[in-house]
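Residue-level listing of the chains:
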Protein chains: 2
Amino acid sequence: MERGPAADAVVRFTPGGLLLVVSGPSGAGKGTLVDRLTAARPECVFAISSTTRPRREGEVDGVQYEFVTREEFERRIAQGYFLEFAEVHGQLYGTPARFVDDGVRQGRVVVLDVDVQGGASVRRERPDAASVFVYPPSIDSLRQRLLSRGTDGAEVIERRLRNAPAEMAQYVEYDYVIVNDDLEQAVSRLIAIVDAERSRVGRLRAGGPDR
Amino acid sequence: MERGPAADAVVRFTPGGLLLVVSGPSGAGKGTLVDRLTAARPECVFAISSTTRPRREGEVDGVQYEFVTREEFERRIAQGYFLEFAEVHGQLYGTPARFVDDGVRQGRVVVLDVDVQGGASVRRERPDAASVFVYPPSIDSLRQRLLSRGTDGAEVIERRLRNAPAEMAQYVEYDYVIVNDDLEQAVSRLIAIVDAERSRVGRLRAGGPDR
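Summary of the structure given here. These numbers come from a predicted model, not from an experiment.

The rules we used
Residues numbered from 1 in each chain as written. Chains lettered and ligands numbered in written order. Predicted model: local features only at pLDDT ≥ 70, side-chain atom pairs only at ≥ 80, totals over all residues. Contact = placed C-beta atoms within 7 Å. Helix = DSSP H or I, 4+ residues; strand = E, 2+ residues; numbered from the N terminus. Least-squares fit on C-alpha atoms with pLDDT ≥ 70 in both. Buried ≥ 20, exposed ≤ 12 C-beta atoms within 10 Å, placed from the backbone. Pairing = 2+ DSSP bridges. Axes fitted to C-alpha atoms, helices over the stretch in contact; angles between N-to-C directions. Expected span 1.5 Å × (residues − 1). Parallel < 35°, antiparallel > 145°, perpendicular 65-115°, else oblique. Left-handed = near helix turned anticlockwise from the far one by under 90°. Nonpolar A, V, L, I, M, F, W, Y, C, P; charged D, E, K, R; others polar.

Another aspect to go through is the interface of chain B and chain A. Contact with chain B, which involves 32 residues of that partner, is made by 32 residues of chain A. For the side of chain B that touches chain A, the secondary structure elements donating two or more residues are α1 (4–8), α6 (139–149), α7 (154–168), β10 (176–179) and α8 (183–198) of chain B.

Shown next as structure tokens:
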């Protein structure tokens, strides 16, 4: 019930939207972390990428990825549909620009799960994104996770592992590093990063006083 | 049990130290938030300021503050003992520089609870500090908290409230804003900020591979 200048000084804050880029080498466990994050925080939405790679056991079209033909993918590239796209291990992956930008504008936390090549593109295209690098505790942990997926052949796994060291060196380009040695701890770190980023002055929307 | 270049690529990360500045107007609830943070996170240590203001009921010398005479305080100023000091509402407050810098060097999160004048000085002196502004939901909430403390006279309270709007406008200079309308939510936001800052690439210490 105040009046006068003192009451007028009170600003109302609303958390603004946010693009969260989660990247790291194949087998670092990005997917599980992102799943747990979106389950824990309703304001977080997963940005579904388009890909030409074959669907893995347990994956559903339009949930983890939108699975499209190379022809369809190339049509979308021509239409400027993607915020970024890359060919990784012989397959095309791309992030729909409109989904990301609309979500952020609406105040959501749009979460991208991208390989390090895609991560570099998104950080360049959207410099105000918050970026997280999921770092493996060892090369062997990558191998174990790739093997237990049971979806890649031995040759593909070895190629992914050969690429890992160069990919891992990219962590320096990110805002945050999470070492994925303990899943529960890694999940709570990722949630903390989202909660903290939502409290950043530069991301808050400051409204006038409403009383 | 890997050998060769792949294994050598794995970096070991240790969280580095951090100076966390918590500021805001008198009565915003900084003290309670900082108490809860240090109770929840053992790596967080509260930096005890020196002050000439009288001890309040329930306060213990050397716990909330070190209570010193004006003469002793001025001797310390002359010795360069303080990272910052300020005269607020007629009393001197100062942060011991060595405590802060030693703690950060040892990998701790050193938490400062300072008024906005002190906050501005510390941010200037230690630009790598993370800074949090505790924002009141209303001027009336400040009044209620100052009244319920029961330690300041009506005149002191009115002076603090008159200063509040100008102090509140300072939030833009901070890294984070926490609106203290719900204590539990505010506490978990502050903890999230510490956890996230500890995962920042620029604050991690990257060691060589140990295997």
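Attention now moves to the relation of the copies chain B and chain A. Expressed as a screw operation, the relation of chain B to chain A combines 0.0 Å of axial shift with a rotation of 180 degrees, fitting to an RMSD of 0.0 Å. Here the symmetry operator amounts to a two-fold rotation axis. Every residue of chain B has its C-alpha some distance from the rotation axis, and the shortest such distance is that of alanine 192 of chain B, at 2.2 Å. When the interface residues of chain B are mapped onto chain A, 100% of them are again interface residues, pointing to one common binding face.

What follows concerns the pairing of strand β9 (residues 130–135) of chain B. Residue and element names in this part refer to chain B. Most of β9 sits out of view: six of its six residues are buried. Where burial is concerned, the two faces of β9 agree: the one with Ala130, Val132 and Val134 and the one with Ser131, Phe133 and Tyr135 are both buried. As defined by bridge partners, strand β2 (residues 18–23) adjoins β9 across four bridges and the pair is classed as parallel. The residue of β9 that forms the bridge with leucine 20 is alanine 130. In the sheet, β9 pairs with β10 via four bridges, with the strands oriented parallel. If you follow valine 134 over to β10, its bridge partner there is isoleucine 178.

All names here are of chain B. The five strands lie next to each other as β3-β8-β2-β9-β10, forming an open sheet whose pairing is parallel. Strand pairing shows two members of the sheet lacking a second neighbour, β3 (44–46) and β10, which therefore form its edges. Ignoring which end each strand starts from, the neighbouring axes of this sheet average 25 degrees apart. The sheet contact formed by β2 and strand β8 (residues 109–113) spans five bridges and is parallel. Residue pairing across strands places leucine 20 opposite valine 111, the latter belonging to β8.

Bringing α7 of chain B into the picture now. Over its 15 residues, α7 of chain B runs 21 Å from end to end, which matches the ideal 21 Å to within 8%, given 1.5 Å per residue. For α7 of chain B, the full list of buried residues reads Arg160, Ala164, Glu167 and Met168 of chain B.

Okay, the sheet that holds strand β7 (residues 91–96) of chain B next. Residue and element names in this part refer to chain B. Read from one edge of the open sheet, four strands run β5-β4-β7-β6, paired in mixed fashion. Bordering the open sheet on either side are β5 (65–67) and β6 (82–88), each of which pairs with just one other strand. Taking the axes of each pair of neighbouring strands and ignoring which way they run, one obtains an average angle of 25 degrees across the sheet. Bridge count between strand β4 (residues 49–51) and β5: three bridges; the pairing is parallel. From the neighbouring strand, serine 49 faces β5, where its bridge partner is tyrosine 65. Seen against the sheet, helix α3 (residues 70–78) touches β4, β6 and β7 and runs at an angle of roughly 40 degrees to β7.

Attention shifts here to the packing of α6 of chain B against α7 of chain B. Residues and elements named next belong to chain B. One can describe the packing of α6 onto α7 by two numbers: an axis separation of 10 Å at closest approach and a directional angle of 155 degrees. Looking at the two axes, α6 sits roughly antiparallel to α7. α6 and α7 meet at a crossing whose hand is right-handed. Along its contact with α6, which presents Ile139, Leu142, Arg143, Leu146 and Leu147, the element α7 presents Ile157, Arg160, Leu161 and Ala164. Class assignment of the residues belonging to the contact of α6 with α7 gives a composition of seven nonpolar, no polar and two charged.

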